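Descriptive analysis of the structure
Residues per chain are reported as follows:
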Amino acid sequence: MRVIAELGNDDVANVYIAESETGRKNGIRTNKIEFVEALKPPFPRERKWVNIVSTLYGCPVQCPICDAGMNYRGKLNSDDLLFQIDYLVNKRFPDGIIPCDQWKIQFSRMGEPAFNMAVIDVLESLPERYKAPGLMPSISTVAPESTDHFFERLLVVKRQLYPEKFQFQFSVHSTDEEVRRQLIPCRTWDFSKMARYGEEFYSTGGRKITLNFALIDGVPVNADKLLKYFDPDIFLIKLTPLNPTLSAETNEYSSKFDSQIELELITGELKSKGFEVIHSLGELEENAIGSNCGQYVSMLEKNNTTLQDAYTYPVNNMINT
Ligand code: SF4
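Calculation criteria
- For every chain, the first residue of its written sequence is number 1, and the numbers climb from 1 along that sequence.
- Note on the predicted model: pLDDT of at least 70 is required for a residue's local features to be given, and 80 or more for side-chain atom pairs to be given and counted; whole-chain, interface and lining totals, by contrast, use all residues.
- The side-chain values count all of the structure's non-hydrogen atoms but skip hydrogen atoms and water molecules.
- Secondary structure is summarised from DSSP: a helix means a run of H or I of at least four residues, a strand means a run of E of at least two, and numbering begins at the N terminus for each.
- For the exposure calls, accessible area comes from a 1.4 Å probe over protein chains only, and a residue counts as buried if that area is under 20% of its type's maximum, exposed if over 50%, partly exposed in between.
- Two N or O atoms count as a polar contact when they lie within 3.5 Å, although within protein this holds only if one can serve as hydrogen donor and the other as acceptor, and sequence-adjacent residues are included solely when both atoms are side-chain atoms.
- Here, nonpolar core refers to any group of buried Ala, Val, Leu, Ile, Met, Phe, Trp, Tyr and Cys residues whose side-chain atoms link them within 4.5 Å.
- The contact rule is simple, with two residues in contact once any of their heavy atoms fall within 4.5 Å.
- Here, strands pair whenever DSSP counts at least two bridges between them.
- The angle between two axes is taken between their N-to-C directions and runs from 0 to 180 degrees, where each axis is a line fitted to C-alpha atoms and a helix contributes only its stretch in contact.

**Structural notes on the side chain of K32**
Turning to its location among the elements, K32 is positioned in strand 5 (residues 32-39). Residue classification places K32 among the buried residues on the basis of a relative accessible area of 17%. A distance of 3.5 Å separates the side chain of K32 from the side chain of E19, its partner in a polar contact.

Now the structure itself:
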């Protein structure tokens, strides 16, 4: 694995594009990924440092709001997963001692993590690999069917190694099953199964389980239905904008997060049912950098720079492959 390009702003976020030794076509390396480091301004890196790593080369789910699914080419192995973390650590903290109050490693850049068991191997290795009292892994998943073994192992690792510091999130997006299937076009756990797993995960200690909804025009989020399955003492609701990805634009999805009236309405409904609700709005500059959710690799491969508010930072150090 080697980094072939980077872009961004040290005070907000940087995106790194890398390519693997594995996967070649006509002598050219085809397996590219990207990973990100981000800060939470105005806090310094030592307060909170977020690393967002890829787990798959693309993603087979192909959600119509995400650019990761444009070109799926398989799973990263443990070495290539660790390469991303090592690269960032070596750049910022070459002695391997990460003094951050919170060092969050999100396995959520390119790829649904539950499709890659090497993610669990890496989670097992992190506490020994680095001196990092603030280490907090984060898994965000759409909960695909046929990945139960991943979640069983995750529960064991969480219980043994991260009893207090672990962020676990289901990406849900809609309470309407048919709409959810359109937005997440693969077979997923139903709400009952998600609730059971979340309850068991939470019982091992630490934070509430997050249910994430990217607020999208015309996509229903029903507070009564959530309450039917999810206990507000165990689950919290995170509302986010729909990120300005190429796929979202092509498929004509638009965010309703910007509408203060809509946002207050849904937030009020959820709170009235007892749910804690958080609004997660990244730095606007993150859209320009492309470090939020959109996938720079896909943009480069498609040579498409038509979005107005995203992917507008110049790419530095591009190695000609
Ligand atoms: S949102 Fe997640 S599951 Fe869907 S295509 Fe993107 S990476 Fe895959």
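There's more to say after this.
**Considering the nonpolar core**
Counting 88 residues, the largest nonpolar core has W103, L123, L126, L154, F170 and L239 as its most contacted members. With six residues, helix 2 (residues 118-129) is the largest single contributor of residues to this core. Those residues in contact with F170 that lie beyond four places of it in its chain are T141, A143, W189, M194, Y197, I209, T210, L211 and N212. L7, V15, V50 and I52 belong to the second largest nonpolar core, which has eight residues in total.

**Some remarks on the sheet that holds strand 11 (residues 167-171)**
Pairing within the open sheet is mixed, and its 10 strands lie in the order 1-2-5-6-9-10-11-12-13-14. The strands lining the two open edges of the sheet, one partner per strand, are strand 1 (2-9) and strand 14 (277-279). Averaged over all pairs of adjacent strands, the angle between strand axes in this sheet comes to 20°, irrespective of strand direction. In this structure, strand 13 (residues 235-241) lies alongside strand 14, joined through three bridges in parallel fashion. Residue pairing for strand 14: L239 is matched across the bridge by H279. Docked against the sheet, helix 1 (residues 78-92) engages strand 1, strand 2 (13-19), strand 5, strand 6 (48-52) and strand 9 (102-106), running at close to 40° with respect to strand 5.

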